[in-house]
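# Structural description and commentary
So the chains spell out like this:
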Amino acid sequence: MDRTLAADLARLPDLLDATRRAAAEALATLDERAVVPAAPKPADPEPLPERGHGTEAALAAFRTRWEPRLSASAGPRYLGFVTGGATPAALAGDWLTAAHDQNSNSSMDGAGQDLERETVGWLRELFGLSDAHTGTFVSGATMSNTTGLAIAREWLGERLGVSPAEDGAAALGPVRVLSGAPHSSIAKALSFLGLGRSSLVRVPTLPGREAVDPAALDRALADTPGPAVVVANAGTVNTVDFDDLPAIAALRARHDFWLHTDAAFGAFAALSPEQAHLTEGLDAADSVCVDLHKWLNVPYDSAVQFTRRRDLQARVFQNAAAYLGPLGEHPDLVHLTPENSHRLRALAAWFTLRAYGRQGHREIVERNIAGARALGAALEEDPAFTLLAPVRLNVVCFTLADAPDPARLTALREAVSAEVFVTPTVHEGTAGLRAAFSNWRTTQADVRRAARALRTAAREIA
């Protein structure tokens, strides 16, 4: 064994303790650190060392060279994208995921698969899905949407008497995928699956909304020859608008379509009794996307994909090799996702669900919703700002009241980046900013701090 590697093995408990101290210090200083540090001139890449100096030296180099440039995305005022943090239990689970280093795709080493299936069952219950749905862990919402649409592609083939998994996507002929306000990952998935971005047909939405107009969807389906795919939204990115899922599902009485629901973070509305009505009809979907490194607050990368047609899922992703388990009635996970190598992502989710239960995660969701409403109210009271949409759940979509052009919004965003991070958007043709609340640490004090920073920066820009 290499001498440096052997020395690290002998000192492993001490090295892990040093890493623990470094991690604890980073987390303890989240409030004091700039949310997004000022970007220095990129450093020239260092050459690969010929002879290493061990973990302790690598840790010291990381803390000097890279840690000061990392954003405080684990913290309470990182409101860009839809980014959760990692609850204490999820962090513990993720650390143990690396320590045990399981490839949980095979029944020949089955504890990982059993743990994942138990966790999927808990999540299914959390989101109000029935036992008709089975689920698998994937890396994020994009891969969850891609997996769901891959199953939909095979369903289209079943309807047409072909198998895209065997014959290729061209065997389907023209395909139409209908949606009101699809997330950008849907078009990316269609490109990846060989269906093409041009197969995505945008259906009119309700006036002033991002929710699809069910009557317009009915007409579009009537104009679609043969079976189709409908992508419904349970929480759009800009305004967290929800399609009328029961109304869309009811259209299957007249039209033949696969219903995929993108509920990447909107599914968590089911945890709040006040908001649970938004997710009514989620169980009627043929496939569902939920992203867990958003509102479940587990580390990147983690999402879950649900479907009612595991048989079609296995037909798409089956992998034939002597060292892999059989398909069978309960296929190994290797036959259910694009990944042959599949880290035990479920462990972090299992830990946080086991540690805090439904009630603990409901509290996070409801506190984040209250935070979004408070920030929305604070900005609405300030004449420097205009809300671009009502605060429906956990996202505040806003802009400058005077000359909201991209340059001024960029200046505003950069001016507040040490205190709060928000991301740019465009809503109904108007440039704006988004503040998305999904971190378990965020409190009303953070909301006040963010609002104060935004107001001060708006005055300076004006």
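Sequence order sets the numbering: in each chain, residues are counted from 1 along the sequence as written. It should be noted that, the model being predicted, local features are given only for residues of pLDDT at least 70 and side-chain atom pairs only at 80 or more, the latter also being counted only at that level, while totals for whole chains, interfaces and linings use all residues. Only hydrogens and water are set aside when side-chain values are computed; all heavy atoms of the structure are taken into account.

Turning our eyes to something else, we now look at the overall build of the protein chain. Along the backbone of the protein chain there are 15 helices and 11 strands. Over its C-alpha atoms the protein chain spans a radius of gyration of 24 Å, differing by no more than 12% from the 23 Å that the globule rule assigns to 462 residues. Viewed in the frame of its principal axes, the protein chain has a C-alpha envelope of about 65 × 60 × 45 Å. For each residue, the accessible area found with a 1.4 Å probe, counting protein chains only, is set against the maximum for its type, and the residue is called buried under 20%, exposed over 50%, and partly exposed in between. Among the 462 residues that make up the protein chain, the fraction classed as buried is 50%. Of the contacts formed within the protein chain by residues at least 6 apart in sequence, a portion of 72% connects residues at least 24 apart. Computed over 45 positive and 55 negative side-chain charges, the inter-centroid distance for the protein chain is 3 Å. Secondary structure elements follow DSSP: runs of H or I of four or more residues count as helices, runs of E of two or more count as strands, with numbering from the N terminus. Our radius of gyration looks at C-alpha atoms and nothing else; its globule reference is 2.2 Å times the residue count to the power 0.38. Every residue pair with non-hydrogen atoms within 4.5 Å of one another is taken to be in contact. As used throughout, the charge tally considers Lys and Arg to be positive and Asp and Glu to be negative, leaving His and the chain termini uncounted. Charged groups are reduced to one reference atom each: NZ for lysine, CZ for arginine, CG for aspartic acid, CD for glutamic acid.

The next thing to look at is the sheet that holds strand 11 (residues 430-436). If you trace the 4 strands from one edge of the open sheet to the other, you get 8-9-11-10, paired in antiparallel fashion. If you trace the sheet from one side to the other, it starts and ends with strand 8 (385-387) and strand 10 (423-427), each paired once. Pairwise comparison of adjacent strand axes, ignoring direction, gives a mean angle of 45° for this sheet. In short, DSSP must find at least two bridges between two strands for them to pair. Note that strand 10 and strand 11 share 5 bridges and pair antiparallel. The residue of strand 11 that forms the bridge with V426 is A431. Helix 14 (residues 406-415) rests against strand 8, strand 9 (395-400), strand 10 and strand 11 of the sheet, and its axis sits at about 25° to strand 11. Where helices are involved, their axes are fitted lines through C-alpha atoms of the stretch in contact, as for all axes, and angles between N-to-C directions lie from 0 to 180°.

Read from one edge of the open sheet, 7 strands run 1-7-6-5-4-2-3, paired in mixed fashion. With partners counted over all chains shown, the strands left at the sheet margins are strand 1 (134-138) and strand 3 (200-202), one partner each. Taken pair by pair, the neighbouring strands of this sheet meet at an average axis angle of 20°, ignoring direction. Relative to strand 3, strand 2 (residues 177-179) runs parallel, the two sharing 3 bridges. Within strand 3, the residue paired with L178 across the bridge is V201.

Let's shift gears to the side chain of Q305. Secondary-structure assignment places Q305 in strand 7 (residues 303-307). Any pair of nitrogen or oxygen atoms within 3.5 Å is treated as a polar contact; in protein, a donor-acceptor pairing is required on top of that, and neighbouring residues in sequence qualify only through side-chain atoms on both sides. A polar side-chain atom of Q305 sits 3.1 Å from a polar atom in the side chain of Q313. Sequence-distant contacts of Q305, defined by excluding residues within four places in its chain, comprise T134, G135, T136, S144, T147, G148, I151, S287, V288 and Q313.

Further remarks concern the environment of P225. Along the chain, the position of P225 falls in the loop between helix 9 (214-222) and strand 4 (228-233). With a relative accessible area of 70%, P225 lands in the exposed category. Expressed as a C-alpha distance, the spacing of P225 and L393, which sit 168 residues apart in the sequence, is 37 Å.

With that out of the way, let us pick up helix 14. Regarding helix 14, the residues found buried are R408, L409 and L412. One side of helix 14 holds all its buried residues, which, seen down the axis, span an arc of 100°. Those residues of helix 14 that are exposed and aimed more than 90 degrees away from the buried face are P406, A407 and E414. Those residues of helix 14 that are buried lie in contact with strand 8, strand 9, strand 11 and helix 15 (444-461). A distance of 3.1 Å separates the backbone nitrogen of A407 from a side-chain oxygen at the start of helix 14, and that oxygen is part of D405. By arc we mean the arc of the directions from the helix axis to the C-beta atoms, nothing more.

It is worth spelling out the packing of aromatic side chains at this point. For any pair of aromatic rings, geometry is given as the distance between the ring centres together with the angle between the planes. Only Phe, Tyr and Trp rings take part, Trp by its six-membered ring, and two of them pair if their centres are within 6.5 Å. Stacked means planes under 30 degrees apart, edge-to-face means over 60, and tilted covers everything else. Scanning all chains against the criterion turns up 8 aromatic pairs. Measuring from ring centre to ring centre gives 5.9 Å for W122 and W350, while their planes differ by 20°; the resulting arrangement is stacked. In this pair, W122 sits in helix 5 (residues 111-126) while W350 sits in helix 13 (residues 346-381), placing the two residues 228 residues apart along the sequence. A relative accessible area of 29% places W122 in the partly exposed class. Taking the centre distance of 6.1 Å and the plane angle of 55° together, the rings of W155 and W258 count as tilted. A residue pair is termed long-range when its members are at least 10 positions apart, and W155 in helix 6 (residues 141-160) and W258 in strand 5 (residues 257-262) qualify at 103 residues.

Judged by nonpolar contacts, the single largest core of 53 residues is most densely connected at L123, F127, L217, F268, V290, L292 and F306. No other element matches the 7 residues that helix 13 contributes to this core. Residue contacts for V290: discarding those within four places in its chain leaves F127, S144, A263, A264, A267, F268, A303, V304 and F306. Here the nonpolar core consists of buried residues drawn from Ala, Val, Leu, Ile, Met, Phe, Trp, Tyr and Cys, with membership extended through side-chain atoms lying within 4.5 Å. By size, the runner-up hydrophobic cluster in this structure holds 26 residues, among which are F385, V416, A431 and L454.

So, about a nonpolar patch on the surface. By definition, no residue in a patch forms a salt bridge, and every one has over 30% relative accessible area; like charges are joined within 9 Å, nonpolar side chains (Val, Leu, Ile, Met, Phe, Trp, Tyr) within 5 Å. Surface accessibility in these figures is a Shrake-Rupley result with a 1.4 Å probe; residues are shielded only by whichever protein chains are displayed. Between Lys or Arg on one side and Asp or Glu on the other, a salt bridge is scored when a side-chain nitrogen of the former is within 4 Å of a carboxyl oxygen of the latter. Where nonpolar side chains cluster on the molecular surface, the patch consists of M1, L5, L9, L12, L16 and W95 and spans about 640 Å² of accessible area. Elements with a contribution of two residues or more to the nonpolar patch: helix 1 (3-10) and helix 2 (12-28). Here W95 is to be found in helix 4 (residues 88-100).

Here we come to unusual backbone geometry. Residues Y300 and D301 are joined by a peptide bond in cis, for which omega reads -5°. Turning to its location among the elements, D301 is positioned in the loop between helix 11 (292-295) and strand 7. Non-glycine residue V240 carries a positive phi angle of around 50°. Its location among the elements puts V240 in the loop between strand 4 and helix 10 (245-250). Positioned with a positive phi, E428 is a non-glycine residue whose angle comes to about 50°. By the secondary structure assignment, E428 is in the loop between strand 10 and strand 11.

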